[in-house]
Amino acid sequence: MPYDLGTTARLTAQCRDPGGTPATATTAVVTVTLPDGTTATPAAEETGTPGSYQADYITTVAGRHTVRWAFTGPVHAYTDVLDVRPEQSPAILSMQDARDHLNLKGHRDTGDDDEVRFWNNATTTAVEYFTGPVVVRTVTEDHAVRVVEALTLRHPPALEVLAVDPLLDGGTVYDPERLNLDGPAGIVTRKDGGLIHGPVRCRYRAGRPVVTENISGAARIILQHLWRTQRPSRSGGLPGATDDFSVTEPIPGLGYAIPNRAVQLFGPDNQGPGFA
């Protein structure tokens, strides 16, 4: 289960003897390796059950973490992973919108929320595969160009150029105030008509501050489809096939994961597969 940045992740493991029986260890050490390679060693303690250990780790960096448990007396080890979500939400739909669309709005039991959140985030990735960024984020990318009249950003629509810096010593730093940006196309040019000399590193904001109904509607259809295929007999699943959710044509790179109706809703926002 991914954790939100800044929350406390409770790490658990079980020490076992060579025969596989849970056993109290002489020492228990847990090492968390962060995405940047640094490590942390939160205090580990045995719970009320012999051989069961836990440690509380406060998340400080988004991304994939590795968790390594090492026991002695008996010698045992266990390795796991921990995912931490970024501070900015990666989802197009709010959790409330997602729950409402899956007919979970009247349920007091929130035990499904982690799974709803997972598929909601996966839905955003599927939508942005066609439309480019929807959730506003900062993008950093390198361009190995030498001399060009225009720089084409890879993740339009772009909202604002924040920096264009040289990758080589002695290169030119371009002031964003002196650059033109064609946001929908993601094309950057100089206002004075001059050339851009590379290679350069571009940092810019991309996404859509206003999410139109066709995009949010497509997101709802995709979420419903993914939820239904995973939980056909649970609340929110739709028994049987319907035209709205039928998937009769494979999508390059996604197979049959996206219902036809959702793809049609993208309409003029469809930039072609793989842009996000």
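Everything here concerns the structure above.
Analysis parameters
- Residues numbered from 1 in each chain as written.
- Predicted model: local features only at pLDDT ≥ 70, side-chain atom pairs only at ≥ 80, totals over all residues.
- Heavy atoms only, no water.
- Helix = DSSP H or I, 4+ residues; strand = E, 2+ residues; numbered from the N terminus.
- Expected span 1.5 Å × (residues − 1).
- Buried < 20%, exposed > 50% of the residue type's maximum accessible area, 1.4 Å probe, protein only.
- Pairing = 2+ DSSP bridges.
- Axes fitted to C-alpha atoms, helices over the stretch in contact; angles between N-to-C directions.
- Core = buried A, V, L, I, M, F, W, Y, C linked by side-chain atoms within 4.5 Å.
- Contact = heavy atoms within 4.5 Å.

Glancing now at helix H2 (residues 113-131). An ideal rise of 1.5 Å per residue puts 27 Å on 19 residues; H2 measures up with 26 Å between its terminal C-alpha atoms. If you check which residues of H2 are buried, you get Asp113, Val116, Trp119, Asn120, Asn121, Thr123, Thr124, Ala126, Val127, Glu128, Phe130 and Thr131. Trailing H2 by a residue or two, glycine 132 shows a phi angle of about 80 degrees, which is positive.

Right, let's talk about the sheet that holds strand E16 (residues 200-206) for a bit. Reading across from one edge, E9-E16-E12 is the order of the 3 strands in this open sheet, with antiparallel pairing throughout. Two strands bound the open sheet, and with one partner strand each, they are strand E9 (137-143) and strand E12 (158-166). This sheet shows a mean twist of 20 degrees between the axes of neighbouring strands, independent of strand direction. Of the pairings in the sheet, the one linking E9 to E16 comprises 7 bridges and is antiparallel in character. Residue aspartate 142 lies in a different strand from E16, and its bridge partner there is arginine 201.

It is worth spelling out the nonpolar core at this point. In terms of nonpolar packing, the biggest core is built from 23 residues, with Ile92, Val127 and Ile222 touching the most fellow members. Sorting the residues of this core by element identifies H2, helix H3 (213-230) and helix H4 (260-266) as the ones contributing at least two each. Apart from residues no more than four positions distant in its own chain, isoleucine 92 is found in contact with Thr124, Val127, Val134, Val135, Val211, Ile215 and Ala219. Judged by nonpolar contacts, the second largest core, of 17 residues, contains Ala9, Leu11, Ala25 and Leu34.

Once that is clear, we can look at the environment of alanine 206. Along the chain, alanine 206 falls in strand E16. With a relative accessible area of 0%, alanine 206 lands in the buried category. Placed 51 residues apart in sequence, alanine 206 and histidine 155 show a C-alpha to C-alpha distance of 7.0 Å. When neighbours within four sequence positions are excluded, alanine 206 is seen to be in contact with Pro133, Val135, Val136, Arg137, Val139, His155, Pro157, Ala158 and Leu159.

None of the figures reported here should be taken as evidence of function without further support.
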